[in-house]
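Spelled out from the first residue to the last, the chains are:
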Amino acid sequence: MALRLAAQRAAPRGFSKIIARGMATEKQIFNQIQSTKNIQKITSSMKMVSAAKLKGDENRLAVAIPFNSWTTELCGEPKEMEDATYDDLPQKCLLVPITSDKGLCGGVNSFITRGVKTCVTKMHEQGKECDIVVIGDKG
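Below you will find a few notes about this structure.

## Section: the overall build of the chain
- On a plain count of helices and strands, the chain comes out with four helices and two strands.
- Start at the N end of the chain and walk to the C end: the helices and strands fall as α-α-α-β-α-β.
- Residue burial in the chain is summarised as follows: out of 139 residues, 11% are buried.
- In the chain, the proportion of contacts linking residues at least 24 apart, taken out of those at least 6 apart, comes to 77%.
- Working note: accessible area of the chain is about 12,300 Å², and carbon and sulfur atoms make up 61% of it.

If you want it as C-alpha cells, here you go:
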C-alpha cells in the first residue's frame, strides 16, 4: 500500500492511477494466432511464386546459351574487363558495346558504358586509337 501511495505522489499531475497491463483475453490470443497463420500462408505463396520465376529464368537462360556461341567463335573466350590489358589490340580498333533498347536495365547499361570509358582511356594511354559503334537505344 505504501508503494502505491509513493508511486501516485511521484507521478505527474493528471496521472493519478497506476495503469497495469492485464493478461490478453482468449479472443485476443486467438486473433494473434490467426494473424500469424495468415502471414505464414502469404509468405509460403510468395516463396512459391519466386521459385516459379527462378525456374522460368533458368529455363530461358538454358535456351539462350546456344544463341551466344557465335561470339566465342568470333572473339574467343570472354575475359574479365578488369583483367584486360589491351596490349594485344592493334593500333586502331573498333569497340561495339551492346546495350538494351528498353526496360529497366539501368545498372547493366551503366556498367557497359563505364567499361567502354575505361577501355578507351587505357587505349589512349597506350597511344592507340579506337572508334565506337553502339548497338542499342540506351547506350
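That covers the picture; the talk isn't over yet.
## Some points on the pattern of salt bridges
- One pass over the structure, following the stated rule, counts three salt bridges.
- Residues R60 and D57 are paired through a salt bridge, measuring 2.3 Å at the closest nitrogen-oxygen approach. Of the two residues, R60 and D57 are both situated in helix α2 (residues 26–64); the distance of three residues between them amounts to about one turn of the helix.
- Looking at D57, the relative accessible area reads 42%, which means it is partly exposed.
- In this structure, the salt-bridge partner of D131 is K92, at a minimum N-O distance of 3.9 Å. One end of the pair, D131, is in strand β2 (residues 129–132); the other, K92, is in strand β1 (residues 92–95), and 39 residues separate them in sequence.
- For D131, a relative accessible area of 39% gives the class partly exposed.
- With a relative accessible area of 49%, K92 lands in the partly exposed category.
- Connected through salt bridges with shared partners, the residues K92, E129 and D131 form a single ionic network.

The rules behind the values
Residues numbered from 1 in each chain as written. Predicted model: local features only at pLDDT ≥ 70, side-chain atom pairs only at ≥ 80, totals over all residues. Heavy atoms only, no water. Helix = DSSP H or I, 4+ residues; strand = E, 2+ residues; numbered from the N terminus. Buried < 20%, exposed > 50% of the residue type's maximum accessible area, 1.4 Å probe, protein only. Contact = heavy atoms within 4.5 Å. Areas by Shrake-Rupley, 256 points an atom, 1.4 Å probe, with all protein chains shown as cover. Salt bridge = Lys/Arg side-chain N within 4 Å of Asp/Glu carboxyl O.

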